[in-house]
Amino acid sequence: MALPLTRSKALQRRAETLLPGGVDSPVRAFRAVGGDPPFLVSAKGAYLSDADGNRYIDLFGSWGPMLLGHAFPPAVEAIREAAGHSASFGASTAAEADLAELVQLCFPSIQKLRFVSSGTEACMSAIRLARGFTGRPFVIKFEGCYHGHADALLVKAGSGVATFGIPGSAGVPNETVMHTLALPYNDLSAVEAAFAAHPELVACVILEPVVGNAGTIAPLPGYLKGLREITRKHGALLIFDEVMTGFRLAPGGAQELFADELGGAPDLTTLGKIIGGGLPVGAFGGRAEIMDYLAPLGPVYQAGTLSGNPLAMAAGIATLRSLLEQRETIYTRLEATTAAIVEGIARLAVERGIALTTNRVGSMFTCFFTPSAVTDFTTASHSDTAAFARFHRAMLERGVWLPPSQFEAAFVSTEHGPAEVDAILAAAAEALHEVQK
Ligand SMILES: *Cc1c(COP(=O)(O)O)cnc(C)c1O
């Protein structure tokens, strides 16, 4: 069963002569799963359409932003309206404070924030701010957590870096990462040990409070609370990278979902993806006392020509407004739809005797081709990536587009419903059969 991809193949060959690998972000090239990537021409709700007229149920949601589905009408309308008033001014507009207020409604821990144009920028800037505020050099991150591609954070990062099996990246000098400590996720004793080894030198601990970039991994009970306690004890800042989880797991992200067991909010939070409704937006924010260390008030420099871009703010405002208006219904729906998909796939795997571990938190999930529990990057990397590649290809051929790597989370939108669940499970029933061949 092969997809008709004549036009996509031709477009890929052309792109390869102009763009390295034919792509602007490595994972789009499908190297981890093989085959040619379909070229997309449009998408609506839960469905993607490619240049050859194939249709797919979307389970990667533009890597997270499309919580409310593609071409979400209020966002489309807001972008059209804003575009008519100029795409950019390079001066302040009321829309920035409007979106900031909405973010604050979702995240009470964010007293002040700054908008940037990507999740990478948000994390890079939050780290600089944490170092500036504490006057300390070291950053603790966790293996398999991805915080964008800034030099200092490309150490044992997940996502594309994990997909390609390279420990970091060429072009990053040792001196740049010598203050980055990468520890195993879900292991508090490793964090205690790192603080003991570098007393009063750790500026911050940054993490994905639910990991998505090594595939989906939940924090073990007590883990987030433990990190809050340890960082507080040692005068280091706790940074939640909620670029993926923010607005997805709850309006207030993982810090809302796990509020009861957290024992205090993070000092800083980074956001991206959903916050821009598909346009390039990131943000970082937190306690006002820390945020006021930023220029022009404070000594930590940070800037951006297109930061707070009017089109991006308009898309973000339309998205967050709708999400807040429907908060009573959308998260229950996302939970039910995603549970039906994941439990269905798990049941099919059991019936076929395939060793599959399914991890799910809200509308994020991953099917790891391994018999054992996945709680950190090491256990994730025991997965059979060749089996995943066969599964991915077989699903794509049946009209279901999963993220093209074992080490990425799949995403469900509010536009996915019972019909899509049935179609996904029908495809999975056949695709799992192909995995065994
Ligand atoms: C996607 C992601 C980033 C990077 O965001 P970009 O917009 O791709 O630069 C950072 N952190 C997490 C947790 C992410 O999922």
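Residues numbered from 1 in each chain as written. Predicted model: local features only at pLDDT ≥ 70, side-chain atom pairs only at ≥ 80, totals over all residues. Heavy atoms only, no water.

1. Comments concerning the packing of helix H7 (residues 188-197) against helix H8 (residues 223-234)
This is how it is decided: A fitted line through C-alpha atoms represents every axis, and for helices the fit uses only the stretch in contact; the resulting angles, taken between N-to-C directions, go from 0 to 180 degrees. A helix here means a DSSP run of H or I that spans at least four residues, while a strand means a run of E at least two residues long, and both kinds are numbered starting from the N terminus. Throughout this description, any angle smaller than 35 degrees is read as roughly parallel, any larger than 145 degrees as roughly antiparallel, any in the 65 to 115 degree range as roughly perpendicular, and the remainder as oblique. Contacts are assigned to residue pairs with any non-hydrogen atoms lying within 4.5 Å of each other. Charged means Asp, Glu, Lys or Arg here, nonpolar means Ala, Val, Leu, Ile, Met, Phe, Trp, Tyr, Cys or Pro, and polar covers whatever is left, Gly included.
Between H7 and H8, the shortest axis-to-axis distance is 10 Å and the interhelical angle comes to 10 degrees. Classified by the angle their axes make, H7 and H8 are roughly parallel. Across the interface between the two elements, Leu-188, Val-191, Glu-192 and Phe-195 from H7 touch Tyr-223, Gly-226, Leu-227, Ile-230, Thr-231, Lys-233 and His-234 from H8. Taken together, the residues of the contact of H7 with H8 sort by class into six nonpolar, three polar and two charged.

2. Quick word on the pairing of strand S7 (residues 202-207)
The condition is simple: Between buried and exposed lies partly exposed: a residue is buried under 20% and exposed over 50% of the maximum accessible area for its type, with that area taken using a 1.4 Å probe on protein chains only. Here, any two strands with at least 2 DSSP bridges between them count as paired. Assignment of crossover handedness uses the view with strands pointing away from the viewer, where a clockwise path from the first strand over the helix to the second indicates a right-handed crossover.
Of all six residues that make up S7, six are buried, and the element is covered over most of its length. Note that strand S5 (residues 138-142) and S7 share three bridges and pair parallel. Paired with Ile-140 across the two strands is Val-205, which belongs to S7. Of the strand pairs in this sheet, S7 and strand S8 (residues 237-241) are connected by four bridges, and their pairing is parallel. In the sheet register, Cys-204 faces S8, and the bridge partner there is Leu-237. Regarding the hand of the β-α-β motif, the stretch spanning S7, H8 and S8 is right-handed.

3. Notes on the packing of aromatic side chains
As a reminder of what qualifies: Put simply, two rings from Phe, Tyr or Trp (the six-membered ring, in Trp's case) pair if the centres are within 6.5 Å, and we call them stacked under 30 degrees between planes, edge-to-face over 60, tilted for the rest.
Using the criterion set out here, one finds 12 aromatic pairs in the structure. Residues Phe-107 and Phe-247 carry aromatic rings whose centres are separated by 5.4 Å and whose planes lie at 80 degrees to one another, so their mutual orientation is edge-to-face. One end of the pair, Phe-107, is in the loop between helix H3 (94-106) and strand S4 (112-116); the other, Phe-247, is in the loop between S8 and helix H9 (253-257), with 140 residues separating them in the sequence. Exposure remark for Phe-107: the relative accessible area of 1% places this residue in the buried category. Ring centres 5.0 Å apart and planes at 80 degrees place the aromatic pair Phe-133 and Tyr-293 in the edge-to-face group. Of the two residues, Phe-133 sits in helix H4 (residues 119-134) while Tyr-293 sits in the loop between helix H11 (288-291) and helix H12 (310-325), which places them 160 residues apart along the sequence. Note on Phe-133: relative accessible area 21%, which makes it partly exposed. Classification of Tyr-293 by relative accessible area gives partly exposed; the value is 30%. Grouping aromatic residues by their ring pairs yields a cluster made of Phe-30, Tyr-56, Phe-60, Trp-63 and Trp-401.

4. Thoughts on the site of the ligand
Here is the rule we go by: A single heavy atom is enough: if one lies within 4 Å of a molecule or strand, its residue is considered near that molecule or strand. In the analysis that follows, any N or O atom pair within 3.5 Å is treated as a polar contact, provided that within protein one partner can donate a hydrogen and the other can accept it, and provided that, for residues neighboring in sequence, both atoms belong to side chains.
The environment of the ligand is made up of Ser-118, Gly-119, Thr-120, Tyr-146, His-147, Gly-148, Glu-208, Asn-213, Asp-241, Val-243, Met-244 and Lys-273. Here Asn-213 contributes a side-chain N or O atom positioned 3.0 Å from an oxygen atom of the ligand. Separating an oxygen atom of the ligand from a side-chain N or O atom of Lys-273 is a distance of 2.6 Å.

5. Structural notes on the pattern of salt bridges
The condition that has to hold: Within this document, salt bridges are pairs made up of a side-chain nitrogen of Lys or Arg and a carboxyl oxygen of Asp or Glu, the two lying within 4 Å of each other.
One pass over the full model with this rule turns up 13 salt bridges. The closest approach of N and O atoms between Glu-256 and Arg-327, which form a salt bridge, is 3.0 Å. Of the two residues, Glu-256 sits in helix H9 while Arg-327 sits in helix H13 (residues 327-351), which places them 71 residues apart along the sequence. The partly exposed category is assigned to Glu-256, whose relative accessible area is 33%. On the basis of relative accessible area, Arg-327 is assigned to the partly exposed category, the value being 32%.

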